[in-house]
Amino acid sequence: MDIAGKGVVITGASEGLGAALGHRLASAGAKVVLFARRGAPLEAVVEEIRRAGGQAWAVTGDIADKDAIYPLAATASELTGGVEVLVHNASTLGPTPLRLLLDSECEDLERVLQVNLVGPFRLSKALAAGMALRGRGLVLSVSSDAAVEAYPRWGAYGLSKAALDHLSRTFAAELADTGVRFLSVDPGEMDTAMHAAAMPEADRASLSRPAEVAEQIAAMLVQVDQLPSGSRVQAARFGARS
Amino acid sequence: MAPVAALVALLDPGDLLVVNDAATLPASLQIEGEALELRLLQRLQDGAWDAALLGAGDWRTPTEKRPEPRAVGVGERLSLVGGLTARIDAKSQEHPRRVRLVFDQVDAALWRGLYAGGRAVQYAHLNAPLLLWDVQTAFPGRPWATEAPSAGHALSWELLLALRRKGVGVARLTHGCGLSSTGEPKLDRALPVGERYEIPEETVDAIARAHASCRRVIAVGTSVVRALESWAQRGERAGWTTLRIGSAHALQVVDGILSGVHQEGESHHALLQAFAPAWLLARATEAAERAGFFNHEYGDLTLLLPARERCVSASRPRGRARRSRCPAAA
């Protein structure tokens, strides 16, 4: 896929991997619409992209809020002329320090599912349909090792990511032959605020930088047509860490 | 009388269904601190908006029963719920409620304000107010429609995928459906106003393929007919159209239509007369009413389809492949 000129929506884009991916794809010529709850840092990312010569717009809202979905989808479609790539990057761990499932509040699990699963479902529903009509598009879900490994205290997050992976596989099965591709990507462990909140004791030097992972995902997009829709891939496959 | 899923049996491989992928924007805006509503009719070529003012009332009150809105002056500034600000740039001499509006905000800020303060246009005959989710089709794209392209609401992805599996093409265009009614009779007679449309190259190609093989092009909704026939007349795939279609219009692109069950006197009903004579539509409407069908927005649908063996030779839009005369049906 040549990303140049394509409309891209990235959720959770005010920092970390979302912001880095916004920079990277805009530098390749994509028209990126960045979405996050916090307006000030999101606008700052957009300004940086524009100063570097890229095209970017900020839309603020909470991915867990049903009423935020069509404002995002419609605004992005209008500003870019049509969204061809959707990146579900926004996610939450739930309360930290992470807790055992038996110590988790039911409402905390519900919130994690709203952000990590229901929000992406709604946004996919709003944007993937247009892709299917056009006969082309990509929905990329940022997953986690916790989607396939059951780590104590990562229950809410892990099961939400496992469900997100399955959402991607199911969409892929239902929309096979429409030209729309659904993929999950495991970014590996990154030096982000979320990782620090989950594992404050981790050696940051051992973690990937978000910009490095964004580079790997950009490399993956170049050859995305060779990846089976519905598959789950490791970002690290697509370029060595520097 | 049949469920909409019967489309799969009624259409043939090679036929082409064209849908309007316009998302419906929240076109009903409230003026801050006043019982005054602003309804967007259409975005204009220069970025200004054609709009109509409505007096006090909410979704429960039919628009024709709402009081006159207060007079506004050219140059007057308006503050809208949601944070947008705008200036009355001009007023229609003929229709005092109709104004040309220029928002102070552009791009993402304009859309942020529209979605923050706007509401979907409502219908008093419904049981509850419509939310933004309620007025989108299953394939919403750019937010160009101020009133929902309602015929498309009947189409599910289950149906669209079944049609594709059968070999029926599904193509798209974007047409900014404007308001069908403001409640002011004189203004309503002038509707629809000029509407924006865009037909992708891939849809043009799909139409050419369907016509070349004597297959039918079926529009989902009157807006699709308006866009495609405007293209036929003007030779432009994108622009604003004021084309009004009635019984005298010779269809050049579209062969059939899936549309609402419209009532005589409505512009949409006049458009249907380009597909079928008034007496036939009247009989169909009578039969639909007897069967309990609903003839309003979000009601039931009419399918007007030429016979399968029909293959019309018609002039094509400028710059397009002309439909060849097809061999007689065996």
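Further up the page is the structure itself.
The present account deals with the structure reproduced in this document. (Residues numbered from 1 in each chain as written. Chains lettered and ligands numbered in written order. Predicted model: local features only at pLDDT ≥ 70, side-chain atom pairs only at ≥ 80, totals over all residues. Heavy atoms only, no water.)

1. A closer look at the overall build of chain B
For chain B, the count of helices and strands is 8 helices and 13 strands. For chain B, whose C-alpha radius of gyration is 20 Å, the value lies close to the compact-globule estimate of 20 Å for 330 residues. With respect to the three principal axes, the spread of C-alpha positions in chain B is 70 × 45 × 35 Å. Expressed as a percentage of its 330 residues, the buried residues of chain B come to 52%. In chain B, the proportion of contacts linking residues at least 24 apart, taken out of those at least 6 apart, comes to 70%. With the model as given, the accessible surface of chain B reaches about 14,000 Å², and the carbon-plus-sulfur share is 51%. (Helix = DSSP H or I, 4+ residues; strand = E, 2+ residues; numbered from the N terminus. Rg over C-alpha atoms; globule rule 2.2 N^0.38 Å. Buried < 20%, exposed > 50% of the residue type's maximum accessible area, 1.4 Å probe, protein only. Contact = heavy atoms within 4.5 Å. Areas by Shrake-Rupley, 256 points an atom, 1.4 Å probe, with all protein chains shown as cover.)

2. Here we look at the sheet that holds strand 10 (residues 217-220) of chain B
What links the strands of a sheet is backbone hydrogen bonding, and the strands pair in either a parallel or an antiparallel sense. Residues and elements named next belong to chain B. Spatial strand order, 11-9-8-1-10-12-13: 7 strands in an open sheet with mixed pairing. Both edges of this open sheet fall to strand 11 (238-241) and strand 13 (301-304), since each of them pairs with a single strand only. Strand-to-strand twist across the sheet, computed as the mean angle between neighbouring axes with direction ignored, equals 25 degrees. Pairing of strand 8 (residues 169-175) with strand 9 (residues 195-198), which is carried by 2 bridges, proceeds in the antiparallel orientation. Paired with His175 across the strands is Tyr197, a residue of strand 9. Its contacts with the sheet place helix 5 (residues 201-212) against strand 1 (16-20), strand 8 and strand 10, and it is angled at close to 155 degrees to strand 1. (Pairing = 2+ DSSP bridges. Axes fitted to C-alpha atoms, helices over the stretch in contact; angles between N-to-C directions.)

3. Notes on helix 2 (residues 39-51) of chain A
Residue and element names in this part refer to chain A. Taking 1.5 Å of rise per residue, the 13 residues of helix 2 would be expected to cover 18 Å, and the 18 Å separating its terminal C-alpha atoms lies within 8% of that figure. Within the span of helix 2, buried status applies to Leu42, Val45, Val46 and Ile49. End-on, the buried residues of helix 2 take up no more than an arc of 95 degrees, which puts them together on one face. Looking at helix 2, the residues exposed on the side facing more than 90 degrees away from the buried face are Ala40 and Arg51. In this structure, the buried residues of helix 2 make contact with helix 1 (16-27), strand 2 (31-36) and strand 3 (55-60). Backbone geometry just after helix 2 places Gly53 at a positive phi near 95 degrees. (Expected span 1.5 Å × (residues − 1). Arc of directions from axis to C-beta.)

4. What to know about the pairing of strand 12 (residues 256-260) of chain B
Residue and element names in this part refer to chain B. Among the 5 residues that make up strand 12, 5 are buried, leaving the element largely enclosed by the rest of the structure. Relative to strand 12, strand 10 runs parallel, the two being bridged by 3 bridges. For Ile218, the partnering residue across the bridge sits in strand 12 and is Gly256.

5. Describing the packing of aromatic side chains
Under the defined criterion, the tally for this structure stands at 6 aromatic pairs over all chains. Each ring, one from Trp154(A) and one from Tyr157(A), has its centre 5.8 Å from the other, and the planes form 70 degrees; the classification is edge-to-face. Side by side, Trp154(A) and Tyr157(A) carry an identical accessibility label, which is buried. An aromatic cluster of at least three residues, connected via ring pairs, comprises Phe121(A), Phe171(A) and Phe182(A). Positioned above the aromatic ring of Trp133(B), the side-chain terminus of Lys66(A) is 5.1 Å from the ring centre. Between Arg196(B) and the ring centre of Trp144(B), over which it is positioned, the NZ or CZ distance is 3.8 Å. (Phe/Tyr/Trp six-rings, centres within 6.5 Å; stacked < 30°, edge-to-face > 60°. Lys NZ or Arg CZ within 6 Å of the ring centre and 35° of its normal.)

6. Points about the side chain of Thr241(B)
Along the polypeptide, Thr241(B) turns up in strand 11. Excluding residues within four positions of it along the chain, Thr241(B) makes contact with His175(B), Val193(B), Gly194(B), Glu195(B), Tyr197(B), Arg226(B), Ser230(B) and Arg234(B).

7. What to know about the interface of chain A and chain B
Each partner contributes residues to the interface: chain A has 24 residues there, and chain B has 25 residues. For the pairing of chain A and chain B, the buried interface totals around 2,200 Å² over both sides, and the portion due to carbon and sulfur atoms is 66%. If you sort the residues of chain A by the area they bury against chain B, Tyr70(A), Glu78(A) and Leu133(A) come out on top, with a joint share of 35%. Seen at the junction of chain A and chain B, the total is 3 salt bridges. If you list the elements that add at least two residues to the side of chain A that touches chain B, you get strand 3, helix 3 (69-80) and helix 4 (106-134) of chain A. (Buried area = accessible area lost by both parts, 1.4 Å probe. Salt bridge = Lys/Arg side-chain N within 4 Å of Asp/Glu carboxyl O.)

8. Here we look at the pairing of strand 1 (residues 7-11) of chain A
All names here are of chain A. Where burial is concerned, most of strand 1 is hidden: 5 out of the 5 residues are buried. What you see with strand 1 is no split at all: Gly7, Val9 and Thr11 on one side and Val8 and Ile10 on the other are buried throughout. Two strands pair when backbone bridges link them, and strand 1 and strand 2 are joined in this way by 5 bridges, in the parallel orientation. Paired with Gly7 across the bridge in strand 2 is Lys31. Read as a crossover between parallel neighbours, the route from strand 1 over helix 1 to strand 2 is right-handed. Pairing analysis gives 4 bridges linking strand 1 to strand 4 (residues 83-88), with the strands arranged parallel. Residue pairing across strands places Ile10 opposite Val87, the latter belonging to strand 4. (Right-handed = clockwise from strand over helix to strand, strands pointing away.)

9. A closer look at the nonpolar core
Core analysis: the largest hydrophobic core is formed by 91 residues, its most contacted members being Leu38(B), Leu40(B), Trp49(B), Leu101(B), Phe103(B), Leu114(B) and Leu155(B). Of all the elements, helix 4 of chain A adds the most residues to this core, at 10 residues. Phe103(B) has contacts with Leu29(B), Leu40(B), Trp49(B), Leu80(B), Leu84(B), Thr85(B), Ala86(B), Leu110(B) and Leu114(B), leaving out every residue within four places of it along the chain. Membership of the second largest hydrophobic core comes to 39 residues, among which are Leu17(A), Ile49(A), Met190(A) and Val233(A). (Core = buried A, V, L, I, M, F, W, Y, C linked by side-chain atoms within 4.5 Å.)

10. Let's talk about the pattern of salt bridges
Throughout the structure, instances matching the rule amount to 31 salt bridges over all chains. One salt bridge in this structure joins Arg24(A) and Glu215(A), with 3.0 Å as the shortest N-O distance. Of the two residues, Arg24(A) is situated in helix 1 and Glu215(A) in helix 7 (residues 210-222); the sequence distance between them amounts to 191 residues. One connected set of salt bridges, linked through shared partners, spans Glu84(A), Arg136(A), Asp21(B), Arg172(B) and Glu202(B).

11. Some details on the sheet that holds strand 5 (residues 77-79) of chain B
All names here are of chain B. Spatially, 2-3-4-7-6-5 is the arrangement adopted by the 6 strands of the open sheet, whose pairing is antiparallel. The open sheet terminates on both sides in strands that have one partner only, identified here as strand 2 (28-30) and strand 5. Shown here is a sheet whose adjacent strand axes are inclined to one another by a mean of 40 degrees, direction ignored. Taken together, the 5 bridges between strand 6 (residues 85-91) and strand 7 (residues 98-103) define a ladder with antiparallel strand orientation. When the sheet's bridge partners are listed, Lys91 is paired in strand 7 with Val99.

12. Observations regarding unusual backbone geometry
A cis amide bond links Thr96(A) with the next residue in sequence, Pro97(A), at an omega value of -5 degrees. Assignment of secondary structure puts Pro97(A) in the loop between strand 4 and helix 4. For Asp107(B), which is not glycine, the phi dihedral falls at a positive 50 degrees. Judged by relative accessible area, which is 44%, Asp107(B) ranks as partly exposed. Of note, Cys214(B) is a non-glycine position whose phi angle comes to about 60 degrees, a positive value. Residue position: Cys214(B) is located in the loop between helix 5 and strand 10. Accessibility expressed as a relative area gives 19% for Cys214(B), which makes it buried.

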